Amino acid sequence: MADDIKPRLRVPATAKKGELVEVKTLITHPMETGLRKDADGKLVPRLIVSALAVTYNGKPVLNAKLEPAVAANPYLSFFVKVEESGTLKFTWTDDNKQSWTAESKIEVA
């Protein structure tokens, strides 16, 4: 399943100093709640992306805890105020402590 998980980002490439920019992210993940049964009637074990941490130039801008009620392929949107050029780094972590990272740069003029 790890090869099927693909983070996607939509981050503006440029911004003005002090501007609030909208950041959108989606990660492809089935988000098994642990409540669904398989064809044999056995519970499918819980396996969700339980956390998303986002930093900008190494400083935290978002720490999200996700719960089983979040849909498959979780999509999040948030705003970041940018004062200088830098890199947004995203790290998603699931219940098995697997993690996926992605980065996007913003040039501030």
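Scroll up to find the structure.
Throughout what follows, the structure given in this document is the object of discussion. Every value quoted in this text rests on a predicted model; they were computed, and no experiment measured them.

Basis of the calculations
- Residues numbered from 1 in each chain as written.
- Predicted model: local features only at pLDDT ≥ 70, side-chain atom pairs only at ≥ 80, totals over all residues.
- Heavy atoms only, no water.
- Helix = DSSP H or I, 4+ residues; strand = E, 2+ residues; numbered from the N terminus.
- Contact = heavy atoms within 4.5 Å.
- Pairing = 2+ DSSP bridges.
- Salt bridge = Lys/Arg side-chain N within 4 Å of Asp/Glu carboxyl O.
- Buried < 20%, exposed > 50% of the residue type's maximum accessible area, 1.4 Å probe, protein only.

### Focus on the side chain of Glu32
By secondary structure assignment, the location of Glu32 is in the loop between β3 (19-27) and β4 (49-56). If near-sequence neighbours (up to four positions away) are discounted, Glu32 is found in contact with Val44, Pro45, Arg46, Leu47 and Ile48.

### Thoughts on the sheet that holds strand β5 (residues 59-65)
One open sheet holds the five strands; their spatial order is β2-β8-β7-β4-β5, and the pairing between them is mixed. Edge positions in the open sheet fall to β2 (14-15) and β5, since each of these has one partner strand only. Note that strand β7 (residues 86-94) and strand β8 (residues 99-108) share eight bridges and pair antiparallel. Paired with Phe90 across the bridge in β8 is Ala102.

### A short note on the pattern of salt bridges
On inspection of all chains with the given rule, the structure shows four salt bridges. Arg46 is the salt-bridge partner of Asp95, the closest N and O atoms lying 2.7 Å from each other. Taken together, the residues Asp95 in the loop between β7 and β8 and Arg46 in the loop between β3 and β4 connect sequence positions 49 residues apart. For Asp95, a relative accessible area of 25% corresponds to the partly exposed category. Overall, Arg46 belongs to the partly exposed group, its relative accessible area being 38%. Residue Lys81 pairs with Glu83 through a salt bridge whose shortest N-O separation is 3.8 Å.

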